[in-house]
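Below, each chain spelled out in residue letters.
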Amino acid sequence: MALTDADVQKQIKHMMAFIEQEANEKVEEIDSKAEEEFNIEKGRLVQTQRVKIMEYYEKKEKHIEQHKKIQMSNLRSQARLKVLKARDDMIQDLLNEARQRLAEIAKDPDNYSVLLQGLVLQGLFQLLEPKVTIRCRQQDVEMVQAAVNNTIPIYKEAVKSNIVVKIDQERFLPSDICGGIDVYNENGKIKVSNTLENRLELMAQQMMPEIRVNLFGANPNRKFTD
């Protein structure tokens, strides 16, 4: 049975409708797949950028924390140096006050003469030389000579040996020191310094740990006291 033109047109329209539907479905499938791939790629890019941002701020945070620690360490070091400087200044003030008090000793002839005898005798015992020279302040020559005269017999009795003591009349110790003497052997190569300043310095060195404890308290981090 032959198809009429109407039947042919109907079948053609039906086929075109089918093809168009197939095409639309294919387009929808492609669009859906493209959108899915887009979303996946977008998610990957977003995640990648998120990781980069997190890493950036993590590094930034670590850098800030490190910088903060360095600043805190510097501040602690500066504060410690200031404390140490203040303590050293306090000790220096204490020593300066002690020097001022030492200067008062020489103003009392009775006490100073006794002190000079002790310093002379100590110098002689430290050198143990048959001939010695004593150097003193020019204003102390007479008192030092008296001290020498008083100590020579004590020295001879103790060491059972003679000694010649000369006071240097050409070279004197500075007149502005607190007092005391320097004792030399015959050739001047060996010296015993018994000035009041020198005795104070030696005593300060020996007593410095005790002085620091009395002024600032014991240091719990210090293992040794000297």
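For the structure itself, look to the data block above.
Residues numbered from 1 in each chain as written. Predicted model: local features only at pLDDT ≥ 70, side-chain atom pairs only at ≥ 80, totals over all residues. Heavy atoms only, no water.

Concerning the pattern of salt bridges
Inference 1: In this structure the tally under the stated criterion is eleven salt bridges.
Inference 2: Here Glu41 makes a salt bridge to Arg44, at a shortest N to O gap of 2.4 Å. Remark: Arg44 and Glu41 occur in helix H1 (residues 5–105); sequence separation between them is three residues, near one turn of the helix.
Inference 3: Here Arg171 and Asp168 are joined by a salt bridge, their closest N and O atoms 3.3 Å apart.
Inference 4: Owing to a relative accessible area of 52%, Arg171 belongs among the exposed residues under this scheme.
Inference 5: Classification of Asp168 by relative accessible area gives buried; the value is 7%.
Inference 6: Through salt bridges with shared partners, a single ionic network connects Arg135, Asp168 and Arg171. (Salt bridge = Lys/Arg side-chain N within 4 Å of Asp/Glu carboxyl O. Helix = DSSP H or I, 4+ residues; strand = E, 2+ residues; numbered from the N terminus. Buried < 20%, exposed > 50% of the residue type's maximum accessible area, 1.4 Å probe, protein only.)

With respect to the side chain of Asp168
Inference 1: Inspection of the secondary structure puts Asp168 in the loop between strand E2 (164–167) and strand E3 (180–185).
Inference 2: Polar side-chain contacts of Asp168 include one of 2.9 Å to the backbone nitrogen of Glu170.
Inference 3: A distance of 3.1 Å separates a polar side-chain atom of Asp168 from the backbone nitrogen of Arg171.
Inference 4: Leaving out residues up to four positions away in the same chain, Asp168 has contacts with Thr133, Ile134 and Arg135. (Polar contact = N/O pair within 3.5 Å; in protein donor to acceptor, adjacent residues only side chain to side chain. Contact = heavy atoms within 4.5 Å.)

Some thoughts on the pairing of E3
Inference 1: Most of E3 is tucked away, with six of its six residues classed as buried.
Inference 2: Of the two faces of E3, both are covered, the one formed by Gly180, Asp182 and Tyr184 as well as the one formed by Ile181, Val183 and Asn185.
Inference 3: As paired elements, strand E1 (residues 131–136) and E3 share five bridges and run antiparallel to each other. Pairing of Arg135 across the sheet is with Asp182, part of E3.
Inference 4: Alignment of E3 against strand E4 (residues 191–195), held across five bridges, turns out to be antiparallel. Its bridge partner being in E4, Asp182 is matched across the sheet by Ser193.
Inference 5: Hairpin connection, E3 to E4: the antiparallel pair is bridged by five residues, and Gly188 has positive phi, about 75°. (Pairing = 2+ DSSP bridges.)

Geometric values such as these leave the question of function open.
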